[in-house]
Amino acid sequence: MSSNQPSIRAPERQFQPAPEDRLAALERIWRRFSNADGLVKRGGLVTEVTPTHYKVRGLSDFARLGDIVEQRGQAGARRGEIVKISRDEVVVAPFERSADAGIGDAVFRRGPLAVQPHGSWRGRAIDALTRAIDGGSPLTRGDDIAGSATTPGAMARQRVGTAFMTGVKVIDIFTPLCFGQRMGVFAGSGVGKSTLLAMLAGADAFDTVVVALIGERGREVREFLEDTIGDSMAKTVAVVATSDESAMMRRRAPDTAMRIAEHFRDQGHRVLLVLDSITRFAHALREVATGTGEPPVARGYPASVFTELPKLLERAGPGAEGKGSITAIISVLVDGDDHNDPVADSVRGILDGHVVLDRAIAEQGRYPPVNPLSSISRLAGKAWSAEQRALVARLKSMISRFEDTRDIRLLGAYQGGVDAELDMAVRQVPLIYEALTQSPRDRPSADPFSDLARHLKGKQNAEPGD
């Protein structure tokens, strides 16, 4: 063989580190550069991905629960929220519909979510991350960041005592509301709670209305805002998280709506907050909590759900002296028409009253299907006069007597003239039900007690022989 001919050597086998060794090497390099001031932003690397969460190594030293992170991968930049922190890694729940992350993707911490409400937001529809979804111009950001812990102290709040008219006769008579009150609307699915909420949202007594639609059908959102809210949309901020969005978007939306309401309250506005529904918010809390490994304690709900509910709802109510108020109307979707399920039972103890919608009443064609015997307003005494209080007690007594004897009357065992009070109930209660029937297209009632008296008098005068 010629000396000029190059020698042939067997190709050298290059060492290929195992995937976990590669990841550890990347992490060491990442930590070295992330600790250098001014070189790169501090971040971490994705180490595990599930359909609803992913884990990040390298953020534990400086991350905080609730921080927003940005994950950069093949699909582009995606945002999520830190929901669990351990010694070596953090768990992130993405805002996208699924965890579109890959092993080794870079994740950067962005800090807490900044909500900067502005007066121009009224009339707009936004998502849980304060991005416009109505096709309008980009939102103007305010100067002040609305914090999540602006609940006035117990002794710093104003006292509640000024009533207002909702225009819904059955509400204003049996469960009147005051500014700063928190009222729950309890109903099963398809009973009519969204329609009642829209009627309440149209009250003229408020400067600003904030509507949070949590887990609603996407098809109904535009119809609800344009047709049902209608002219009141000019003073309304709508925060929307539909049922097909991620659990984090449905979990974050009520907080965003509350921050916006707190902003206008601190400006002296009388704010109406309509949240539909708190049950779907609880479902989102459950989904996020179980994804982090938290065990269930009551019908599948982890303990943190019952911690978050009062933390959110207590932020509504009267503001500090010299500020406005947040009047909250909270819908509660009772699963299987069970009004004692864990979420309904917990929320009922936090709120200042509850309106119960009865499926049997709705099936009779009476709308709103409010059951006046099961509904209560804890601040009704501040709204009624002495005469009105006595009248409502008399009305409830007649309705109770009428409903208790329904089976007897259907069997034909009722005979007139034996019980004068029952005779009165049989004559008057159907007329009362007729007077309380009201649809969203009807004119709001400015004086429900007078409207009820006129209706009863007119029907009595129309009877032959009177």
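Given the structure is predicted, the values throughout are model-derived calculations rather than measurements. (Residues numbered from 1 in each chain as written. Predicted model: local features only at pLDDT ≥ 70, side-chain atom pairs only at ≥ 80, totals over all residues. Heavy atoms only, no water.)

**Here we look at the side chain of Thr-208**
Topologically, Thr-208 is positioned in strand β11 (residues 208–216). Residue classification places Thr-208 among the buried positions, given a relative accessible area of 0%. A polar atom in the side chain of Thr-208 sits 2.9 Å from the side chain of His-269. Not counting residues within four places of it along the chain, the set of residues in contact with Thr-208 comprises Arg-122, Lys-235, Phe-264, His-269, Arg-270, Val-271 and Leu-272. (Helix = DSSP H or I, 4+ residues; strand = E, 2+ residues; numbered from the N terminus. Buried < 20%, exposed > 50% of the residue type's maximum accessible area, 1.4 Å probe, protein only. Polar contact = N/O pair within 3.5 Å; in protein donor to acceptor, adjacent residues only side chain to side chain. Contact = heavy atoms within 4.5 Å.)

**Things to note about the sheet that holds strand β3 (residues 68–73)**
Strand order in this closed barrel of 6 strands is β1-β2-β5-β4-β3-β6, and the pairing throughout is antiparallel. Each strand of the sheet is rotated relative to its neighbour by a mean of 45°, with strand direction disregarded. Judged from the 5 bridges that link them, β3 and strand β6 (residues 106–111) form a sheet pairing that is antiparallel. For Glu-70, the partnering residue across the bridge sits in β6 and is Phe-108. The strands touched by helix α5 (residues 247–266) are β3, β4 (76–85) and β5 (89–94); relative to β4, the strand with the most contacts, the crossing angle is about 70°. (Pairing = 2+ DSSP bridges. Axes fitted to C-alpha atoms, helices over the stretch in contact; angles between N-to-C directions.)

**Thoughts on the packing of aromatic side chains**
We describe a pair of aromatic rings using the distance from one ring centre to the other and the angle between the two ring planes. Within this structure, the stated rule accounts for 5 aromatic pairs. Pairing Tyr-301 with Phe-306 gives two aromatic rings, centres 6.1 Å apart and planes at 65°, and the pair type is edge-to-face. The class for Tyr-301 is buried, based on a relative accessible area of 3%. Taking 6.3 Å as the distance between ring centres and 80° as the angle between the ring planes, the aromatic pair formed by Phe-402 and Tyr-433 counts as edge-to-face. Of the two residues, Phe-402 sits in helix α10 (residues 386–404) while Tyr-433 sits in helix α12 (residues 420–436), which places them 31 residues apart along the sequence. (Phe/Tyr/Trp six-rings, centres within 6.5 Å; stacked < 30°, edge-to-face > 60°.)

**What about the confidence of the model for the protein chain?**
Residue-level pLDDT values for the protein chain average 88, and 89% of them are 70 or greater. Per-element mean pLDDT across the protein chain ranges from 58 in helix α1 (residues 19–34) up to 97 in helix α2 (residues 169–174). Counting interchain partners and residues more than four positions distant, the pLDDT-below-50 stretch residues 33–39 has 7 contacts. (pLDDT = per-residue confidence, 0-100.)

**Some thoughts on α10**
For an α-helix, 3.6 residues make a turn, and residues three or four places apart therefore share a direction. With 19 residues, α10 ought to run about 27 Å at 1.5 Å a step, and its terminal C-alpha atoms sit 27 Å apart, in line with that. Regarding α10, the residues found buried are Val-392, Leu-395, Met-398, Ile-399 and Phe-402. All buried residues of α10 project into a common sector of 130° when viewed along the axis, lining one side. In this structure, α10 carries Ala-386 and Asp-404 as exposed residues pointing more than 90 degrees from its buried face. (Expected span 1.5 Å × (residues − 1). Arc of directions from axis to C-beta.)

**Regarding empty space enclosed by the protein**
Once rolled over the atoms, a probe with the size of a water molecule shows which space is left empty. With the rule as written, the count across this model stands at 3 cavities of 30 Å³ or more. By volume, the largest cavity amounts to about 80 Å³. Contributing to the lining of the largest cavity are Val-170, Ile-361, Arg-366, Tyr-367, Pro-368, Val-370, Pro-372, Tyr-433, Leu-436 and Thr-437. Among the residues forming the lining of the largest cavity, the class breakdown is 8 nonpolar, 1 polar and 1 charged. Estimates place the volume of the second largest cavity at around 40 Å³. Lining of the second largest cavity is provided by Tyr-54, Gln-71, Arg-78, Pro-94, Glu-96, Ser-98, Ala-99, Asp-100 and Ala-101. When its residues are assigned to classes, the lining of the second largest cavity shows 4 nonpolar, 2 polar and 3 charged. (1 Å grid on protein atoms, 1.4 Å probe; cavity = no way out; pocket = protein on both sides within 12 Å on 5 of 7 lines; lining within 4 Å. Points joined across faces, edges and corners; volume = space filled by probe spheres on them. Nonpolar A, V, L, I, M, F, W, Y, C, P; charged D, E, K, R; others polar.)

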